[in-house]
Amino acid sequence: MTLLAITNVTKSFANYRALDRVSLDVAQGEFISLLGPSGCGKTTLLRIIGGFMSANSGRVVIDGEDVSVLPPEKRPLNTVFQNYALFPHMTVLQNVAYGPLRGGASRKEAESRAQEALEMVGLAAMAPRSPRAMSGGQQQRVALARAIVNRPKLLLLDEPLSALDLQLRKRMQIELKQLQVQLGITFIFVTHDQEEAMAMSDRIAVMSAGHIEQIDVPEAIYRRPKTRFVADFIGEANILPMQADGRSRAENPSEGVLRPENLRVFTQADDLPAGWSSLPGRVTATTYVGGTSNIYLTSGDRTLHARRYSALPDGVRDGVDVIAGFDPADVHVLEG
Amino acid sequence: MFTSRPTLLWLLALPVCVFTAFFLMPLGVVLVASLTTQDGQVSFAQYGRILMDGYHWQVIGVTFRLAILSTLICVVLGYPLAWYLVRIVQWRSWRRACVILLILPLFTSNIVRSFGWMVLLGRTGLVNDALLATGLVERPVRFLGTETGILIGLVYILLPFTVLTIGNALARVEPALEQASRDLGAGPMRTFFSITFPLTMHGVMAGGIIVFSMAISAYVTPALLSGGKVTVLAMLAFQQYSTVFDFNYGGALSITLLAFTMALIGFSSWLARLGAHDMKGN
């Protein structure tokens, strides 16, 4: 069932177009990420869904109701803001109880619901404290509790983990995902961190320059990127011209993407498996980190990147001439 | 940061000297004068003379009524003005122009400004002409020599202080906080009273205290706009010093004004803290 339907949303600012006829359907209970570099329009889209900004044209429909012209307080959704936006003059409990109070709950009921939401994020003991005296991670949980206490149909998250350190971010990613499954709330998660998007999302919408480049499940985004932008933005990619091995399915000469883990490096041409394509190259750098070895080589005017999840092959050192080989079936042809 | 004790003493020495010489000493002289009779004996007679007399209470009443009203009006007018400057104006040069317009009156002499109002508020002044022309009144309104006239003059001079302090506080309120409030289901009014206003309370208080202390001690504006018909405490004190040369009685009037002012500011700060505490949960 479609919970959120965005149709042809366009937003222009004085000198540039932030969103260009963006359409997006999100199913009930889905965890969807809007992923892209800064300035791609992802935050603008989130703000239009939340009602903090109005689109120049297009419609936003939530649960069958056109909310395009409704103010934020009338929309059946809540938001976790980038810098948490906790009310500094209220305690943690008052922050979380604010939503239920506005929804017409009695003070007692609002506070018990707030307490319950704080328990869900593991902060029940912090209720009487001031949010100003809390760490970033704790503030983030309070913001989350405040946003889910009203059990919205849709939760918007605006880069909520970007201010946390790496370890805490990884832990929060898992907790957020668990919470989402547990509550069954639809999440729209804005991020510029592709690993974060890959780790958490049911589907990822990769955005660039005001439009959605591709929307699909994380694996498909990684393995079958539609455009060169997506291929480059998600993970690392070797871009190969397709006429080289004649496998181009496109009518025009196009490009193919080969992920580094599918490129192997051989010291002798004889080692190449049958049916594989090869490119001659020279090693320019190697690294070995955490069980993964990376080999960077130049082949003509191209830089290639090969990765394997084991030690560097014997005889592969900087400056050595090698043969880069790959199975043509692993090359994915780009559309654009 | 560590500063050694002798260094600290040296750093503090200058401000302490200035403060003592130019503030504590004169205040001490006034205080001592207020506690002595004209033949040099210590007594509370001067204060008795003030507090036992109904006329003085009436003057104190007028003084405080004018100061409290100008403070309230300045806050009530200053808040929307500050809102306009901080939230509505997008164009930076227009905002700068507005701020300059706002503080421009402060660059001219108090006396000049008050005379200006005397011209404007007179029977045939611009204000009455306008009121008559629009048909709002049938006869010219008497402003000069009334508390209303003084109030207009005081508010005009003191308004910039509330606009600036409130505007400053307003600019520090993160827009995300108001958005969060809307997001959680509060309408614009609710958001203002639950989030924006409490968070700008310190600016309102700061502006209020500045305006109040300047209004209560104002001399030139009330003196010129009263036409001798309304008297405030500062005018009484000035008379004693300048015409009667009764420094003891004048001193007692000044100290009385100071004591009442501090009591009222203390009381309102306490009230504001109490109010802020109450408002949190709502």
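All figures in this text were calculated on a predicted structure; none of them were measured in a lab.

(A) Broad picture of the overall build of chain A. Helix and strand content of chain A: eight helices and 18 strands. Principal axes of the C-alpha set define a box for chain A whose edges measure 80 × 45 × 35 Å. A total of 336 residues make up chain A; the buried ones form 42% of that total. Counting contacts in chain A only where the partners sit at least 6 residues apart, residues at least 24 apart contribute 63% of the total.

(B) Region of interest: the sheet that holds strand β9 (residues 203-208) of chain A. All names here are of chain A. Spatially, six strands are ordered β6-β7-β8-β3-β9-β10 in an open sheet, and the strand pairing comes out mixed. At either end of the open sheet lies a strand with only one pairing partner, and these are β6 (77-80) and β10 (211-216). On average, each strand axis in the sheet is tilted by 20° relative to the strand beside it, whichever way the strands run. Two elements, β9 and β10, share five bridges in a ladder whose sense is antiparallel. Following the sheet pairing, V206 is matched in β10 by Q214.

(C) Just the interface of chain B and chain A, in detail. Across the boundary between the two partners, chain B contributes 17 residues, which contact 18 residues of chain A. Where the side of chain B that touches chain A is concerned, the elements lending two or more residues are α8 (175-183) and α9 (188-216) of chain B. Top contributing element to the side of chain B that touches chain A by residue count: α8 of chain B, with six residues. When the residues that make up the side of chain B that touches chain A are grouped by side-chain class, the tally is eight nonpolar, four polar and five charged.

(D) Main features of the sheet that holds strand β5 (residues 65-66) of chain A. All names here are of chain A. Sheet architecture is open: four strands sit in the order β2-β1-β4-β5, paired in antiparallel fashion. Here the strands that pair on one side only, and so sit at the sheet edges, are β2 (17-27) and β5. Relative to β2, strand β1 (residues 2-12) runs antiparallel, the two being bridged by seven bridges. Within the sheet, the bridge partner assigned to T2 lies in β2 and is A27. Packed on one face of the sheet, helix α1 (residues 42-50) meets β1, β2 and β4 (57-62) and runs near 60° to β2.

(E) Main features of the environment of F44 of chain B. Residues and elements named next belong to chain B. Of note, F44 is situated in the loop between α1 (5-34) and α2 (45-51). Classification of F44 by C-beta neighbours within 10 Å gives exposed; the count is 12. For the pair formed by F44 and G207, sequence separation is 163 residues and the distance between their alpha carbons is 35 Å.

(F) Main features of the nonpolar core. Counting 101 residues, the largest nonpolar core has V96, L118, A145, L155, I188, A205 and V206 of chain A as its most contacted members. Counting 48 residues, the second-largest nonpolar core is a separate cluster that includes W117, I150, A215 and V230 of chain B.

(G) Quick look at unusual backbone geometry. Residues and elements named next belong to chain A. One non-glycine residue, R151, adopts positive backbone phi at about 50°. With respect to the element layout, R151 can be found in the loop between α4 (136-148) and β7 (154-158). In this structure R151 comes out as partly exposed when scored by C-beta crowding, with 15 C-beta atoms within 10 Å. In this structure, A209 is a non-glycine residue whose phi angle is positive, near 45°. The exposure class of A209 is partly exposed, given the 16 C-beta atoms found within 10 Å.

(H) Quick look at the pairing of strand β3 (residues 31-35) of chain A. Residue and element names in this part refer to chain A. For β3, a buried count of five out of five residues is recorded, marking the element as mostly surrounded by other parts of the structure. The alternating pattern of β3 places F31, S33 and L35 on one face and I32 and L34 on the opposite face, and all of these are buried. Pairing analysis gives five bridges linking β3 to strand β8 (residues 186-191), with the strands arranged parallel. What sits directly across from S33, in β8, is F189. In the sheet, β3 pairs with β9 via four bridges, with the strands oriented parallel.

(I) Broad picture of the packing of helix α7 (residues 147-172) of chain B against α9 of chain B. Residues and elements named next belong to chain B. The geometry of α7 relative to α9 is characterised by a closest axis approach of 8 Å and an angle of 160° between their N-to-C directions. Taken together, α7 and α9 sit at an angle that is classed as roughly antiparallel. The way α7 lies across α9 gives a crossing that is right-handed. Every residue of α9 that contacts α7 at L154, L158, F161, T162, T165, I166, N168, A169 and L170 is listed here: T200, H202, G203, V204, A206, G207, G208, I210, V211, M214 and A215. Residue classes in the contact of α7 with α9 are distributed as 12 nonpolar, eight polar and no charged.

Rules used in this analysis
- Residues numbered from 1 in each chain as written.
- Chains lettered and ligands numbered in written order.
- Predicted model: local features only at pLDDT ≥ 70, side-chain atom pairs only at ≥ 80, totals over all residues.
- Helix = DSSP H or I, 4+ residues; strand = E, 2+ residues; numbered from the N terminus.
- Buried ≥ 20, exposed ≤ 12 C-beta atoms within 10 Å, placed from the backbone.
- Contact = placed C-beta atoms within 7 Å.
- Pairing = 2+ DSSP bridges.
- Axes fitted to C-alpha atoms, helices over the stretch in contact; angles between N-to-C directions.
- Nonpolar A, V, L, I, M, F, W, Y, C, P; charged D, E, K, R; others polar.
- Core = buried A, V, L, I, M, F, W, Y, C linked by C-beta atoms within 7 Å.
- Parallel < 35°, antiparallel > 145°, perpendicular 65-115°, else oblique.
- Left-handed = near helix turned anticlockwise from the far one by under 90°.

Spatial relationships are all this shows, so hold off on functional conclusions.
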